[in-house]
Amino acid sequence: MDGLVGVLKVRVVRGINLAYRDARGSDPYVVLQLGKKKLKTSVKKRSVNPIWHEELTLTVTDPNQPLKLEVFDKDTFSRDDPMGDAEIDVAPLMEVVNMHPDDIKNGAIIKSVRPSTRNCLADESHVCWRNGRFVQDIILRLKNVESGEIQLQLQWVNIPGTK
């Protein structure tokens, strides 16, 4: 694990108003990519508002690298259809991980990130101290598609002996 900085846990919570790719909806799944590592959620049958609540864990070697997210519609006899994509800047979460949380109340908002043309946020995102961990709740507006948002929760896990 040479160059390991830490671990990023990504909880893929749900999709909101995803695009129809089949006559009766879509069969969506999410692919996360950080560097060369790719992970994906399960497929949710016939849903444009799927609920996953799945946690995917990625090792981080370069904290400046964006987390890439893609949504696809699973097809049996043809190539899976793209349903949008987004990039997540993990820098706001990384900026607070070295803070000393001794004086921070549970639920306190440490940092806020506003939607802009430079990010895919659908709404303001907050980095909070919750239950002994720094977490960031995010709703992403998907690009390159007619509609759709994905709700995520990021959580940073420090590895003992790493900076």
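Quick notes on the rules
- Residues numbered from 1 in each chain as written.
- Predicted model: local features only at pLDDT ≥ 70, side-chain atom pairs only at ≥ 80, totals over all residues.
- Heavy atoms only, no water.
- Salt bridge = Lys/Arg side-chain N within 4 Å of Asp/Glu carboxyl O.
- Helix = DSSP H or I, 4+ residues; strand = E, 2+ residues; numbered from the N terminus.
- Buried < 20%, exposed > 50% of the residue type's maximum accessible area, 1.4 Å probe, protein only.
- Pairing = 2+ DSSP bridges.
- Axes fitted to C-alpha atoms, helices over the stretch in contact; angles between N-to-C directions.

Section: the pattern of salt bridges
Alright, step 1. Summed over the entire model, instances satisfying the criterion amount to eight salt bridges.
Alright, step 2. Measuring nitrogen to oxygen at the nearest pair gives 2.8 Å for the salt bridge that ties R21 to E146. One end of the pair, R21, is in the loop between β1 (6-16) and β2 (28-34); the other, E146, is in the loop between β9 (133-141) and β10 (149-158), and 125 residues separate them in sequence.
Alright, step 3. When its relative accessible area of 25% is taken as the criterion, R21 is described as partly exposed.
Alright, step 4. E146 gets classed as exposed once you look at its relative accessible area, which sits at 57%.
Alright, step 5. The shortest N-O distance in the salt bridge between R130 and D137 comes to 2.9 Å.
Alright, step 6. Since its relative accessible area comes to 27%, R130 is described here as partly exposed.
Alright, step 7. Beyond isolated ion pairs, a larger network of salt bridges with shared partners links K9, R11 and E55.

A closer look at unusual backbone geometry
Alright, step 1. The backbone of R46 shows a phi angle near 40°, a positive value even though the residue is not glycine.
Alright, step 2. Here R46 shows up in the loop between β3 (37-40) and β4 (51-60).

Quick word on the pairing of β3
Alright, step 1. The pairing of β2 with β3 spans four bridges and is classified as antiparallel. Note that in β3 the partner of L32 across the bridge is L39.

Points about the sheet that holds strand β7 (residues 108-113)
Alright, step 1. With antiparallel pairing, the six strands of this open sheet are ordered in space as β4-β1-β10-β9-β8-β7. The open sheet is flanked by β4 and β7, the only strands paired with a single partner. Here the strands of the sheet are splayed against their neighbours by 20° on average, with no regard to which way each runs.

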